[in-house]
Amino acid sequence: METILDKYTVGKVAFTMKGYHAIVPDLTAAEEATILGFLKEAREQAVDFKNIKEISAIFEIYKTKSEQYLISNGRNWKALYKAYGDAIKAQKAAATTAPK
């Protein structure tokens, strides 16, 4: 059943969860389970929509809920996201200056 739902929502649960693991590499099992639950709720609601923008809007609501959950558990979401963004920028900069 989850595979079918994932096809309707273009794999957004796995994609978004991968993002959370990249941004918060030390997610606890409880945090991961809660966020995964939120994303599965989003998927349940999003299957009624056909447009990717509408599907993404549903997931955005649950991503905000996940971020608020992390903040309420003592995580500094803005600092984590900034560190992630800085690491991505550094990787891109290193790739452009690397000899070919």
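Residue numbers restart at each chain and count upward from 1, following the sequence in its written direction. It should be noted that, the model being predicted, local features are given only for residues of pLDDT at least 70 and side-chain atom pairs only at 80 or more, the latter also being counted only at that level, while totals for whole chains, interfaces and linings use all residues. Only hydrogens and water are removed before side-chain values are computed, so all heavy atoms of the structure are retained for them.

## Quick word on the packing of aromatic side chains
Here's step 1: Any two rings among Phe, Tyr and Trp, with Trp reduced to its six-membered ring, count as a pair given centres within 6.5 Å; such a pair is stacked if its planes are under 30 degrees apart, edge-to-face if over 60, and tilted if neither. Using the criterion set out here, one finds four aromatic pairs in the structure.
Here's step 2: An angle of 35° between the planes, with centres 6.0 Å apart, marks the rings of Trp77 and Tyr81 as tilted. One end of the pair, Trp77, and the other, Tyr81, are both in helix α5 (residues 77-97), four residues apart, so they sit about a helical turn from each other.
Here's step 3: Taking relative accessible area as the criterion, Trp77 reaches 10% and is therefore assigned buried.
Here's step 4: Relative accessibility decides the category of a residue: with a 1.4 Å probe and only protein chains considered, values under 20% of the type maximum give buried, values over 50% give exposed, and everything between is partly exposed. Exposure remark for Tyr81: the relative accessible area of 46% places this residue in the partly exposed category.
Here's step 5: For the pair Tyr81 and Tyr84, a centre-to-centre distance of 6.2 Å together with 50° between the ring planes defines the contact as tilted. Separated by three residues within a single helix, Tyr81 and Tyr84 lie in helix α5, roughly one turn from each other.
Here's step 6: Since its relative accessible area comes to 29%, Tyr84 is described here as partly exposed.
Here's step 7: Each residue in the set Tyr20, Trp77, Tyr81 and Tyr84 is aromatic and connected to the rest through ring pairs, giving one cluster. Helical segments are the DSSP runs of H or I of at least four residues, strand segments are the runs of E of at least two, and each set is numbered from the N terminus.

## Regarding the nonpolar core
Here's step 1: Nonpolar cores were defined as sets of buried Ala, Val, Leu, Ile, Met, Phe, Trp, Tyr and Cys residues, with membership established by side-chain atoms within 4.5 Å. Residues Leu27, Ile35, Phe59 and Leu70 are the most contacted members of the largest nonpolar core, which totals 18 residues.
Here's step 2: Broken down by secondary-structure element, the contributors of at least two residues to this core are α2 (12-23), α3 (29-46) and α4 (52-72).
Here's step 3: Ranked by residue count, the leading element in this core is α4, at six residues.
Here's step 4: In what follows, a contact means two residues having at least one pair of non-hydrogen atoms within 4.5 Å. Residues in contact with Ile35, not counting those within four places in the same chain, are Met17, Tyr20, Leu27, Ser66, Tyr69 and Leu70.

Taken by themselves, the reported measurements are silent on function.
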